[in-house]
Amino acid sequence: GIQVEQSPPDLILQEGANSTLRCNFSDSVNNLQWFHQNPWGQLINLFYIPSGTKQNGRLSATTVATERYSLLYISSSQTTDSGVYFCAAPQGGSEKLVFGKGTKLTVNP
Amino acid sequence: SQTIHQWPATLVQPVGSPLSLECTVEGTSNPNLYWYRQAAGRGLQLLFYSVGIGQISSEVPQNLSASRPQDRQFILSSKKLLLSDSGFYLCAWNPSWETQYFGPGTRLLVL
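Model, not experiment: these values are computed from the prediction.

S.K.: Quick one: what's the story with the nonpolar core, residue by residue and with numbers?
M.R.: Ranked by internal contacts, the top residues of the largest apolar core, which has 21 residues, are Leu-21, Cys-23, Leu-32, Trp-34, Phe-47, Leu-72 and Leu-105 of chain A. Breaking this core down by element, the ones donating at least two residues are strand E2 (10–14), strand E3 (19–25), strand E7 (59–64), strand E8 (69–74), strand E9 (83–90) and strand E11 (103–108) of chain A. With near-sequence residues (within four places) excluded, Leu-21 of chain A lies in contact with Ser-7, Leu-11, Trp-34, Ser-70, Leu-71, Leu-72, Ile-74, Tyr-85 and Thr-103 of chain A. Core analysis: the second largest hydrophobic core is formed by 19 residues, Leu-21, Leu-81, Cys-91 and Leu-108 of chain B among them.

Right, dumping it as structure tokens:
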């Protein structure tokens, strides 16, 4: 099955800094999603981005499907950005997602 | 709008006791429903997947089972809990191919 790997596993920033999170996947995909899990455990869908670039406020994501990776950019980070960021891709041709192990982001004031 | 509920929010159970976690979705019909477990170390593991009433796909052989007695209700059960069943259990549904929405989760501690 598909393998999803994320880097770095941990990231510590000062408020206001920018960051880039990476997701590599082993097979071609037609569905790539980014999620944020806040410190209380709630998972929120950030982007559906099988290819190209999308932006939502201070967050943007780019997927280069031909090279099997996706990047999540966080600009002017805030303490509320802290948590774990996951990327996920479908298993085979199904709607079942395989998640990476996540990047734990800590933004200090 | 659609919402997803899980209960209980937290649970502490002794080894060998039974388990029942409930997930319900409001505001939609015939959703695909999922149970995930998140153990320490952050990864999410898909446990069960359901496309309709009574239709359950088990992803990982384990001490758990799932049932879908109603269209928008998904239940995770165990007859006898093990220490290794401790974790954070998340229910999710997807309205489309493009996204999944997660419930607030249940934290289970087996002692």
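S.K.: Break down unusual backbone geometry for me, citing the residues and quoting the values.
M.R.: With an omega dihedral of -10°, the bond running from Ser-7 of chain A to Pro-8 of chain A counts as a cis peptide bond. Structurally, Pro-8 of chain A is set in the loop between strand E1 (4–7) and E2. The linkage connecting Trp-7 of chain B with the following residue, Pro-8 of chain B, adopts the cis geometry, with an omega of 0°. Unlike most non-glycine residues, Arg-68 of chain A shows phi in positive territory, near 60°. Its location among the elements puts Arg-68 of chain A in the loop between E7 and E8. Its identity as a non-glycine residue notwithstanding, Asn-30 of chain B has a phi of 50°, on the positive side. Classification of Asn-30 of chain B as partly exposed rests on a relative accessible area of 48%.

S.K.: Just give me the short version of the interface of chain B and chain A, but keep the residues and values in it.
M.R.: Chain B puts 23 residues into the contact, and the matching count from chain A is 26 residues. Taking both partners together, chain B and chain A bury about 1,900 Å²; carbon and sulfur atoms supply 51% of that area. On the surface where chain B and chain A come into contact, there are 1 salt bridge. One salt bridge in this structure joins Glu-59 of chain B and Lys-96 of chain A, with 3.1 Å as the shortest N-O distance. Remark: the boundary between chain B and chain A carries 6 residue pairs in polar contact (both at pLDDT 80 or more). Elements with a minimum of two residues in the side of chain B that touches chain A: strand E4 (32–38), strand E5 (44–52), strand E9 (87–96) and strand E10 (99–102) of chain B. A per-element tally of the side of chain B that touches chain A places E4 of chain B first, with 4 residues.

S.K.: Explain the state of the cysteines to me, and be specific about the residues and the numbers.
M.R.: Residues and elements named next belong to chain A. Under the defined criterion, the tally for this structure stands at 2 disulfides over all chains. In this model Cys-23 forms its disulfide with Cys-87; the gap between the sulfur atoms is 2.0 Å. The sign of the 80° torsion about the S-S bond sets the Cys-23-Cys-87 disulfide as right-handed. Of this pair, Cys-23 sits in strand E3 while Cys-87 sits in strand E9, and the two are 64 residues apart along the sequence.

Definitions and cut-offs
- Residues numbered from 1 in each chain as written.
- Chains lettered and ligands numbered in written order.
- Predicted model: local features only at pLDDT ≥ 70, side-chain atom pairs only at ≥ 80, totals over all residues.
- Heavy atoms only, no water.
- Core = buried A, V, L, I, M, F, W, Y, C linked by side-chain atoms within 4.5 Å.
- Buried < 20%, exposed > 50% of the residue type's maximum accessible area, 1.4 Å probe, protein only.
- Helix = DSSP H or I, 4+ residues; strand = E, 2+ residues; numbered from the N terminus.
- Contact = heavy atoms within 4.5 Å.
- Buried area = accessible area lost by both parts, 1.4 Å probe.
- Salt bridge = Lys/Arg side-chain N within 4 Å of Asp/Glu carboxyl O.
- Polar contact = N/O pair within 3.5 Å; in protein donor to acceptor, adjacent residues only side chain to side chain.
- Disulfide = S-S within 2.5 Å.

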